[in-house]
Amino acid sequence: MDVIFSKSDQLWNMAMAYAPKLLLAIVTLIIGLWIIKIITKGIAKLMDKNELDATLKPFIVSMLSILLKVMLFIAVVGMIGVQMTSFIAILGAAGLAVGMALSGTLQNFAGGVMILIFKPFKVGDLLEAQGYLGVVKEIQLFNTILLSLDNKTIIIPNGGLSTGSMINYSTQPTRRVDMTFGIGYSDDIDKAKGILEGLLENHPKVLKDPAHFIAVSELADSSVNFTVRAWVNAADYWDVFFFMQETVKKEFDKNEVGIPFPQRDIHVYNH
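The rules behind the values
Residues numbered from 1 in each chain as written. Predicted model: local features only at pLDDT ≥ 70, side-chain atom pairs only at ≥ 80, totals over all residues. Heavy atoms only, no water. UniProt positions renumbered as here; feature names shortened; annotations may be inferred. Helix = DSSP H or I, 4+ residues; strand = E, 2+ residues; numbered from the N terminus. Buried < 20%, exposed > 50% of the residue type's maximum accessible area, 1.4 Å probe, protein only. Polar contact = N/O pair within 3.5 Å; in protein donor to acceptor, adjacent residues only side chain to side chain. Contact = heavy atoms within 4.5 Å. Pairing = 2+ DSSP bridges. Axes fitted to C-alpha atoms, helices over the stretch in contact; angles between N-to-C directions.

In the annotation of an unreviewed UniProt entry, the protein chain is listed under the name Mechanosensitive ion channel and assigned to Marinifilum caeruleilacunae. Turning to the protein chain, the UniProt annotation filed under Sequence similarities (unreviewed entry) states: "Belongs to the MscS (TC 1.A.23) family." UniProt lists a comment for the protein chain under the heading Subcellular location (unreviewed entry), and it reads "Cell membrane".

Below, the structure is given as C-alpha coordinates:
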(Lines give C-alpha, C1' and ligand atoms only; values in the text may rest on other atoms or scores of the structure.)
Protein backbone atom coordinates (compact mmCIF):
# COMPACT_ATOMS: atom_id res chain seq x y z
CA MET A 1 0.00 0.00 0.00
CA ASP A 2 2.87 2.35 0.85
CA VAL A 3 4.28 1.78 -2.64
CA ILE A 4 0.91 2.63 -4.23
CA PHE A 5 0.56 5.78 -2.16
CA SER A 6 4.14 6.71 -2.99
CA LYS A 7 3.48 6.36 -6.74
CA SER A 8 0.27 8.35 -6.39
CA ASP A 9 2.10 11.11 -4.60
CA GLN A 10 4.73 11.20 -7.32
CA LEU A 11 2.09 11.44 -10.03
CA TRP A 12 0.24 14.14 -8.11
CA ASN A 13 3.40 16.15 -7.57
CA MET A 14 4.32 15.77 -11.27
CA ALA A 15 0.84 16.85 -12.30
CA MET A 16 0.97 19.85 -9.97
CA ALA A 17 4.40 20.77 -11.34
CA TYR A 18 3.44 20.48 -15.02
CA ALA A 19 -0.19 21.66 -14.81
CA PRO A 20 0.63 25.39 -14.69
CA LYS A 21 3.12 25.01 -17.56
CA LEU A 22 0.63 23.01 -19.63
CA LEU A 23 -2.18 25.47 -18.91
CA LEU A 24 0.07 28.41 -19.78
CA ALA A 25 1.15 26.66 -23.01
CA ILE A 26 -2.47 26.03 -24.03
CA VAL A 27 -3.44 29.65 -23.32
CA THR A 28 -0.36 30.84 -25.23
CA LEU A 29 -1.28 28.60 -28.18
CA ILE A 30 -4.86 29.88 -28.33
CA ILE A 31 -3.88 33.54 -27.98
CA GLY A 32 -0.98 33.06 -30.40
CA LEU A 33 -3.22 31.58 -33.12
CA TRP A 34 -5.64 34.46 -32.64
CA ILE A 35 -2.84 37.03 -32.96
CA ILE A 36 -1.46 35.27 -36.06
CA LYS A 37 -4.91 35.44 -37.64
CA ILE A 38 -5.09 39.18 -36.94
CA ILE A 39 -1.55 39.73 -38.30
CA THR A 40 -2.20 37.84 -41.56
CA LYS A 41 -5.48 39.70 -42.10
CA GLY A 42 -3.73 42.99 -41.44
CA ILE A 43 -0.94 42.15 -43.90
CA ALA A 44 -3.55 41.18 -46.52
CA LYS A 45 -5.38 44.50 -46.06
CA LEU A 46 -2.09 46.39 -46.23
CA MET A 47 -1.20 44.69 -49.52
CA ASP A 48 -4.66 45.53 -50.89
CA LYS A 49 -4.19 49.15 -49.83
CA ASN A 50 -0.80 49.36 -51.54
CA GLU A 51 -2.19 47.60 -54.63
CA LEU A 52 0.36 44.79 -54.47
CA ASP A 53 0.32 42.30 -57.34
CA ALA A 54 -2.70 40.02 -56.80
CA THR A 55 -0.51 37.07 -57.78
CA LEU A 56 1.80 37.54 -54.78
CA LYS A 57 -0.83 38.26 -52.13
CA PRO A 58 -2.13 34.72 -51.32
CA PHE A 59 1.39 33.28 -51.56
CA ILE A 60 2.91 35.78 -49.10
CA VAL A 61 -0.01 35.52 -46.67
CA SER A 62 0.18 31.70 -46.67
CA MET A 63 3.96 31.69 -46.16
CA LEU A 64 3.73 34.21 -43.32
CA SER A 65 0.94 32.24 -41.62
CA ILE A 66 2.89 28.96 -41.78
CA LEU A 67 6.12 30.58 -40.53
CA LEU A 68 4.41 32.25 -37.56
CA LYS A 69 2.57 29.05 -36.61
CA VAL A 70 5.82 27.04 -36.68
CA MET A 71 7.50 29.63 -34.44
CA LEU A 72 4.51 29.57 -32.07
CA PHE A 73 4.54 25.77 -31.92
CA ILE A 74 8.26 25.71 -31.04
CA ALA A 75 7.70 28.33 -28.32
CA VAL A 76 4.77 26.37 -26.83
CA VAL A 77 6.77 23.14 -26.78
CA GLY A 78 9.60 24.96 -25.00
CA MET A 79 7.17 26.27 -22.37
CA ILE A 80 6.07 22.74 -21.52
CA GLY A 81 9.67 21.86 -20.70
CA VAL A 82 10.81 19.89 -23.72
CA GLN A 83 14.52 20.35 -24.37
CA MET A 84 14.80 22.32 -27.60
CA THR A 85 18.00 20.61 -28.77
CA SER A 86 16.37 17.20 -28.53
CA PHE A 87 13.16 18.49 -29.99
CA ILE A 88 14.93 20.08 -32.97
CA ALA A 89 16.82 16.83 -33.60
CA ILE A 90 13.56 14.86 -33.54
CA LEU A 91 11.89 17.50 -35.67
CA GLY A 92 14.74 17.32 -38.20
CA ALA A 93 14.51 13.53 -38.47
CA ALA A 94 10.73 13.72 -38.78
CA GLY A 95 11.06 16.49 -41.35
CA LEU A 96 13.38 14.33 -43.46
CA ALA A 97 10.97 11.41 -43.35
CA VAL A 98 7.98 13.62 -44.13
CA GLY A 99 9.94 15.35 -46.90
CA MET A 100 10.68 12.03 -48.58
CA ALA A 101 7.05 10.98 -48.24
CA LEU A 102 5.81 14.30 -49.56
CA SER A 103 8.31 14.79 -52.39
CA GLY A 104 5.48 15.57 -54.80
CA THR A 105 4.12 18.22 -52.45
CA LEU A 106 7.57 19.80 -52.11
CA GLN A 107 7.84 19.80 -55.91
CA ASN A 108 4.53 21.67 -56.07
CA PHE A 109 5.86 24.19 -53.53
CA ALA A 110 9.02 24.71 -55.58
CA GLY A 111 6.86 25.07 -58.69
CA GLY A 112 4.83 27.79 -56.98
CA VAL A 113 8.02 29.69 -56.12
CA MET A 114 9.24 29.39 -59.73
CA ILE A 115 5.91 30.67 -61.05
CA LEU A 116 6.09 33.71 -58.79
CA ILE A 117 9.71 34.42 -59.75
CA PHE A 118 9.42 34.07 -63.53
CA LYS A 119 5.72 35.07 -63.80
CA PRO A 120 4.66 33.16 -66.93
CA PHE A 121 1.11 34.19 -65.98
CA LYS A 122 -0.69 36.27 -63.38
CA VAL A 123 -4.10 36.45 -61.76
CA GLY A 124 -6.72 37.33 -64.38
CA ASP A 125 -4.89 35.77 -67.36
CA LEU A 126 -6.67 33.32 -69.67
CA LEU A 127 -4.50 30.19 -69.49
CA GLU A 128 -4.48 26.82 -71.25
CA ALA A 129 -2.33 24.25 -69.44
CA GLN A 130 -2.35 20.59 -68.40
CA GLY A 131 -5.38 20.00 -70.63
CA TYR A 132 -7.49 22.76 -69.05
CA LEU A 133 -8.58 26.24 -70.13
CA GLY A 134 -9.58 28.94 -67.66
CA VAL A 135 -8.92 32.31 -66.06
CA VAL A 136 -6.30 32.32 -63.29
CA LYS A 137 -8.15 33.03 -60.06
CA GLU A 138 -5.42 32.45 -57.47
CA ILE A 139 -1.82 31.21 -57.20
CA GLN A 140 -1.39 29.32 -53.92
CA LEU A 141 1.62 27.65 -52.27
CA PHE A 142 1.03 24.26 -53.88
CA ASN A 143 -1.71 24.78 -56.47
CA THR A 144 -2.98 27.27 -59.02
CA ILE A 145 -6.74 27.82 -59.16
CA LEU A 146 -8.38 28.39 -62.55
CA LEU A 147 -11.98 29.36 -63.24
CA SER A 148 -13.19 27.70 -66.43
CA LEU A 149 -15.26 29.56 -69.00
CA ASP A 150 -18.36 27.68 -67.80
CA ASN A 151 -17.61 28.69 -64.16
CA LYS A 152 -15.97 25.50 -62.89
CA THR A 153 -13.12 25.62 -60.38
CA ILE A 154 -9.98 23.87 -61.67
CA ILE A 155 -7.12 23.05 -59.28
CA ILE A 156 -3.75 22.39 -60.95
CA PRO A 157 -0.63 21.37 -58.95
CA ASN A 158 2.17 23.89 -59.37
CA GLY A 159 4.84 21.23 -59.99
CA GLY A 160 3.53 20.10 -63.35
CA LEU A 161 2.35 23.59 -64.21
CA SER A 162 5.81 25.12 -63.76
CA THR A 163 7.56 22.49 -65.91
CA GLY A 164 4.89 21.80 -68.55
CA SER A 165 3.81 23.64 -71.67
CA MET A 166 1.14 26.31 -71.47
CA ILE A 167 -0.60 28.89 -73.62
CA ASN A 168 -1.23 32.32 -72.11
CA TYR A 169 -3.88 34.09 -74.19
CA SER A 170 -3.60 37.33 -72.20
CA THR A 171 0.02 38.38 -72.72
CA GLN A 172 -0.60 40.01 -76.12
CA PRO A 173 -3.15 42.81 -76.63
CA THR A 174 -4.37 41.44 -79.99
CA ARG A 175 -5.25 38.01 -81.39
CA ARG A 176 -5.88 36.61 -84.86
CA VAL A 177 -9.20 34.93 -85.56
CA ASP A 178 -8.68 32.03 -87.99
CA MET A 179 -11.78 30.73 -89.82
CA THR A 180 -12.59 28.50 -92.77
CA PHE A 181 -15.69 28.80 -94.96
CA GLY A 182 -16.60 26.55 -97.87
CA ILE A 183 -18.72 27.14 -100.99
CA GLY A 184 -19.87 24.84 -103.75
CA TYR A 185 -17.90 24.33 -106.96
CA SER A 186 -20.76 25.83 -108.96
CA ASP A 187 -20.85 29.03 -106.89
CA ASP A 188 -19.16 32.32 -107.79
CA ILE A 189 -15.83 32.64 -105.96
CA ASP A 190 -15.65 36.42 -106.40
CA LYS A 191 -19.15 36.90 -105.00
CA ALA A 192 -18.38 34.78 -101.92
CA LYS A 193 -15.08 36.58 -101.40
CA GLY A 194 -16.85 39.95 -101.68
CA ILE A 195 -19.36 38.94 -99.01
CA LEU A 196 -16.59 37.91 -96.62
CA GLU A 197 -14.65 41.08 -97.39
CA GLY A 198 -17.67 43.27 -96.67
CA LEU A 199 -18.41 41.60 -93.33
CA LEU A 200 -14.87 42.14 -92.11
CA GLU A 201 -14.61 45.70 -93.45
CA ASN A 202 -17.83 46.79 -91.71
CA HIS A 203 -17.29 45.05 -88.37
CA PRO A 204 -16.27 47.65 -85.75
CA LYS A 205 -14.19 45.16 -83.74
CA VAL A 206 -12.03 43.95 -86.64
CA LEU A 207 -8.77 45.90 -86.69
CA LYS A 208 -7.60 47.68 -89.84
CA ASP A 209 -3.95 47.12 -88.95
CA PRO A 210 -2.84 44.39 -89.34
CA ALA A 211 -5.11 43.95 -92.34
CA HIS A 212 -7.41 40.95 -92.61
CA PHE A 213 -6.69 38.14 -95.07
CA ILE A 214 -9.08 36.19 -97.36
CA ALA A 215 -7.96 33.60 -99.94
CA VAL A 216 -8.97 30.28 -101.48
CA SER A 217 -6.91 27.77 -99.51
CA GLU A 218 -8.20 24.39 -100.69
CA LEU A 219 -10.09 22.70 -103.50
CA ALA A 220 -11.61 20.02 -101.31
CA ASP A 221 -13.64 16.96 -102.28
CA SER A 222 -16.98 18.77 -102.24
CA SER A 223 -16.19 22.43 -101.57
CA VAL A 224 -13.97 25.38 -102.39
CA ASN A 225 -12.59 26.51 -99.02
CA PHE A 226 -11.70 30.06 -98.03
CA THR A 227 -9.21 30.80 -95.26
CA VAL A 228 -10.26 33.96 -93.43
CA ARG A 229 -7.96 35.67 -90.92
CA ALA A 230 -8.85 38.82 -88.98
CA TRP A 231 -7.02 40.65 -86.20
CA VAL A 232 -8.96 41.80 -83.14
CA ASN A 233 -8.34 42.98 -79.59
CA ALA A 234 -7.92 39.93 -77.34
CA ALA A 235 -11.16 40.64 -75.46
CA ASP A 236 -13.14 40.72 -78.75
CA TYR A 237 -11.96 37.33 -80.07
CA TRP A 238 -15.12 35.30 -79.42
CA ASP A 239 -17.49 38.13 -80.35
CA VAL A 240 -16.00 38.31 -83.86
CA PHE A 241 -15.68 34.53 -84.22
CA PHE A 242 -19.34 33.79 -83.40
CA PHE A 243 -20.57 36.79 -85.39
CA MET A 244 -18.83 35.52 -88.51
CA GLN A 245 -20.10 31.96 -88.14
CA GLU A 246 -23.72 33.10 -88.01
CA THR A 247 -23.63 36.07 -90.38
CA VAL A 248 -21.69 34.33 -93.15
CA LYS A 249 -24.38 31.63 -93.30
CA LYS A 250 -27.14 34.24 -93.49
CA GLU A 251 -25.36 36.32 -96.15
CA PHE A 252 -24.51 33.28 -98.26
CA ASP A 253 -28.17 32.18 -98.15
CA LYS A 254 -29.35 35.69 -99.05
CA ASN A 255 -27.00 35.84 -102.04
CA GLU A 256 -27.64 32.23 -103.11
CA VAL A 257 -24.12 31.04 -102.34
CA GLY A 258 -24.26 27.42 -101.29
CA ILE A 259 -22.43 25.87 -98.35
CA PRO A 260 -21.78 22.20 -99.20
CA PHE A 261 -22.60 19.43 -96.77
CA PRO A 262 -21.99 15.66 -97.01
CA GLN A 263 -24.53 13.85 -99.21
CA ARG A 264 -24.90 10.25 -100.29
CA ASP A 265 -26.58 9.06 -103.46
CA ILE A 266 -28.16 5.59 -103.32
CA HIS A 267 -28.77 3.72 -106.59
CA VAL A 268 -31.12 0.74 -106.55
CA TYR A 269 -30.81 -1.83 -109.35
CA ASN A 270 -33.58 -4.33 -110.04
CA HIS A 271 -32.31 -7.64 -111.42
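Back to the text.
Caption draft 1: Layout of the side chain of T227. With respect to the helices and strands, T227 occurs in strand 8 (residues 224–233). Residue classification places T227 among the buried residues on the basis of a relative accessible area of 16%. A polar side-chain atom of T227 sits 2.7 Å from a polar atom in the side chain of S217. Excluding residues that lie within four positions of it along the chain, T227 makes contacts with M179, F213, I214, A215 and S217.

Caption draft 2: Inspection of the pairing of strand 3 (residues 143–148) at higher detail. Relative to strand 3, strand 2 (residues 132–139) is paired through five bridges, and the arrangement is antiparallel. Looking at strand 3, one finds that V135 is bridged to L147. Taking the residues that link successive antiparallel strands as the turn, the strand 2-strand 3 hairpin has three residues. With five bridges connecting them, strand 3 and strand 4 (residues 153–157) associate as antiparallel partners. If you follow L146 over to strand 4, its bridge partner there is I154. Counting the residues in the hairpin turn of strand 3 and strand 4 gives four residues, including N151, whose phi is positive at 70°.

Caption draft 3: The arrangement of the sheet that holds strand 4 in detail. As summarised here, the arrangement of the five strands in space is 4-3-2-1-5, forming an open sheet in which the pairing is antiparallel. Here the strands that pair on one side only, and so sit at the sheet edges, are strand 4 and strand 5 (166–168). In this sheet, adjacent strand axes meet at a mean angle of 40° when their direction is disregarded.

Caption draft 4: Region of interest: the UniProt feature "transmembrane region" (unreviewed entry) in the protein chain. Mapped onto this structure's residue numbering, the UniProt feature "transmembrane region" (unreviewed entry) falls at residues 22–39, 59–81 and 87–118. A helix fraction of 100% and a strand fraction of 0% characterise residues 22–39, whose end C-alpha atoms lie 25 Å from each other.

Caption draft 5: Geometry of the environment of N158. Positionally, N158 belongs in helix 5 (residues 158–163). Residue N158 is classed as buried on the basis of its relative accessible area, which comes to 0%. Counting along the chain gives 17 residues from N158 to L141, while the straight-line C-alpha distance between them is 8.1 Å. Look past the residues within four positions of N158 in its chain and what remains in contact with it is N108, G111, G112, I115, Q140, L141, F142, N143 and T144. Only 2.7 Å separates the side chain of N158 from the side chain of T144, close enough to count as a polar contact.

Caption draft 6: Representation of the sheet that holds strand 7 (residues 213–219) within the structure. Across the sheet, which stays open at both edges, the three strands sit in the order 6-8-7 with antiparallel pairing between neighbours. Both outer strands of the open sheet, strand 6 (174–183) and strand 7, are each paired with one neighbouring strand and no more. Strand-to-strand twist in this sheet, taken as the mean axis angle between neighbours without regard to direction, amounts to 25°. In terms of strand pairing, strand 7 meets strand 8 through six bridges, oriented antiparallel. Residue pairing across strands places F213 opposite R229, the latter belonging to strand 8. Against the sheet, helix 6 (residues 189–202) contacts strand 6, strand 7 and strand 8, and its axis sits at roughly 10° relative to strand 8. Sheet contacts for helix 7 (residues 237–254): strand 6 and strand 8; angle to strand 6, the most-contacted strand, approximately 20°.

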